[in-house]
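# Topology and contacts: notes
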Amino acid sequence: MSMEKELDLRDIFRIVQKRIIWLLVIPVTAVLTSALISFFLITPQYEASTTLLIGRASDMDQIINQELMMNRQLVSTYSEIAKSRSVAEAVIKELRLNMTSEELIKLVTVSAVKDTGIIAINVKNSDPKISMQIANQVAASFSKKIIGYSNIDNVIVVDEAAAPTEPVSPNKKLNIAVAGILGIALAFALIFSIEFLDNTIKTAQDVEHFLELTVLAAIPATDGKGGK
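Residues numbered from 1 in each chain as written. Predicted model: local features only at pLDDT ≥ 70, side-chain atom pairs only at ≥ 80, totals over all residues. Heavy atoms only, no water.

## Quick word on the packing of aromatic side chains
We describe a pair of aromatic rings using the distance from one ring centre to the other and the angle between the two ring planes. Tallied over the entire structure, the rule returns three aromatic pairs. Arranged with centres 6.4 Å apart and planes meeting at 20 degrees, the rings of Phe188 and Phe192 form a pair that is stacked. Placement of both Phe188 and Phe192 in helix H8 (residues 172–197) is noted, with a separation of four residues, approximately one turn of the helix. Assessed through its relative accessible area of 31%, Phe188 is described here as partly exposed. Centroid distance Phe192 to Phe196: 6.4 Å. Interplanar angle 25 degrees. Geometry classified as stacked. With Phe192 and Phe196 both in helix H8, this residue pair falls four residues apart, about one helical turn. Judged by relative accessible area, Phe196 falls into the exposed class, the value being 53%. (Phe/Tyr/Trp six-rings, centres within 6.5 Å; stacked < 30°, edge-to-face > 60°. Helix = DSSP H or I, 4+ residues; strand = E, 2+ residues; numbered from the N terminus. Buried < 20%, exposed > 50% of the residue type's maximum accessible area, 1.4 Å probe, protein only.)

Encoded structure:
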């Protein structure tokens, strides 16, 4: 006779209760491991940001919608220029950085500020002061490079980068919460996997539950010292 039977809430509770230690040990271990990695093994990253407004000098006081639209459409082009090797080399030379142009380019992202003609240059680094210096220097080197491109003759720095005080990664609280949730899910999966893979009959209740037979008698356990 098949031992498979649809589980009800009492069955689920019984299975979990039988191996409740797993539901405690696995999530706690996952949370502690995540906390250890997040606090001590992952190097914090800081992000500094500067914003620029690009246009023609004669129109800077009264930029028309058409120009704003053009600037938004050119963000991908601006991004390539800001992350170009020539700009990176100029930044490295100016700041005397001990890194290659390829390494610096990986630290830089360029994006459009929503519904404006402003672009943002963001730089991530493990040193908050260095991230600020690189962001401001990329903006300066980019401004020199962009002058004359597509009739652009002026770049205004809307906000200079400031040294960030809080890291943007790792997100310790999120990492720990995710680890806890995954730990609970893993514990439940392991508990029920072991239960369904174990097809042995251990108690009179198992006989009645799985085989749907009535237990007429049971032999009591002895201590093995001559007891009957």
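## A short note on H8
With 26 residues, H8 extends 37 Å between its outermost C-alpha atoms, agreeing within 8% with the 38 Å of an ideal straight helix rising 1.5 Å per residue. Here the buried face of H8 lies against helix H1 (9–18) and helix H2 (20–41). (Expected span 1.5 Å × (residues − 1). Contact = heavy atoms within 4.5 Å.)

## What about the side chain of Asn125?
Its place among the elements puts Asn125 in strand S3 (residues 118–125). For Asn125, a relative accessible area of 12% corresponds to the buried category. If near-sequence neighbours (up to four positions away) are discounted, Asn125 is found in contact with Pro44, Gln45, Tyr46, Leu107, Ile130 and Ser131.

## Here we look at the confidence of the model for the chain
Low pLDDT marks stretches whose predicted atomic positions should not be read closely. On average, residues of the chain carry a pLDDT of 82, and 73% of them reach 70 or more. Every residue in residues 1–5 scores below 50 in pLDDT, and together they form eight contacts with partners more than four places removed in sequence or on other chains. (pLDDT = per-residue confidence, 0-100.)

## Quick look at the nonpolar core
Core analysis: the biggest nonpolar cluster contains 28 residues, and Tyr78, Leu104, Ile119 and Phe142 have the highest contact counts within it. Listed by contribution, the elements that provide at least two residues to this core are strand S1 (46–55), helix H4 (75–82), helix H5 (85–95), strand S2 (108–112), S3 and helix H7 (128–146). With six residues, the single largest contributor to this core is H7. Among all residues touching Ile119, those that are not within four sequence positions of it are Thr50, Thr51, Leu52, Ile54, Val75, Tyr78, Val110, Ser111, Ala112, Val113 and Phe142. The next biggest cluster of nonpolar side chains, apart from the first, holds seven residues, and it includes Ile15, Val16, Leu23 and Ala187. (Core = buried A, V, L, I, M, F, W, Y, C linked by side-chain atoms within 4.5 Å.)

## Some thoughts on H1
Listed as buried for H1 are Asp11, Ile15 and Val16. Here the buried residues of H1 occupy an arc of 125 degrees about the axis, which is enough to place them on one side. Exposed positions of H1 whose direction lies more than 90 degrees from the buried face are Leu9, Arg10, Phe13 and Gln17. (Arc of directions from axis to C-beta.)

## Here we look at the pattern of salt bridges
Oppositely charged side chains can form a pair if their charged atoms are brought close together. Using the criterion set out here, one finds one salt bridge in the structure. Glu89 is paired through a salt bridge with Arg85; the nearest N and O atoms lie 3.1 Å apart. Of this pair, Glu89 and Arg85 both sit in helix H5, four residues apart, which is roughly one turn of that helix. Exposure remark for Arg85: the relative accessible area of 52% places this residue in the exposed category. (Salt bridge = Lys/Arg side-chain N within 4 Å of Asp/Glu carboxyl O.)

## A look at the pairing of S3
A regular strand places its side chains so that they alternate between the two faces of the sheet. Most of S3 sits out of view: seven of its eight residues are buried. As judged from the five bridges shared by S2 and S3, these two strands associate in the antiparallel manner. Looking across to S3, one finds that Val108 is bridged to Val123. (Pairing = 2+ DSSP bridges.)

## Brief notes about a nonpolar patch on the surface
The grouping of Ile20, Ile21, Trp22, Leu24, Val25 and Leu190 at the surface amounts to a nonpolar patch, some 510 Å² of accessible area in total. Per element, the largest residue contribution to the nonpolar patch is five residues, and it comes from H2. (Patch = residues over 30% accessible without salt bridge, like charges linked within 9 Å, V, L, I, M, F, W, Y side chains within 5 Å. Areas by Shrake-Rupley, 256 points an atom, 1.4 Å probe, with all protein chains shown as cover.)

## Quick word on the side chain of Ser84
Take Ser84: it is sitting in the loop between H4 and H5. By relative accessible area, Ser84 is classed as buried at 17%. Of the polar contacts made by the side chain of Ser84, one reaches the backbone oxygen of Ile81; its length is 2.7 Å. (Polar contact = N/O pair within 3.5 Å; in protein donor to acceptor, adjacent residues only side chain to side chain.)

## Quick notes on the packing of H1 against H8
Running from N to C, H1 and H8 cross one another at 105 degrees; their axes reach a closest spacing of 10 Å. Comparing their axes, H8 and H1 come out roughly perpendicular. Packed against H1, whose contacting residues are Ile12, Arg14, Ile15, Val16 and Lys18, the element H8 presents Phe188, Ile191, Phe192 and Glu195 at the interface. (Axes fitted to C-alpha atoms, helices over the stretch in contact; angles between N-to-C directions. Parallel < 35°, antiparallel > 145°, perpendicular 65-115°, else oblique.)

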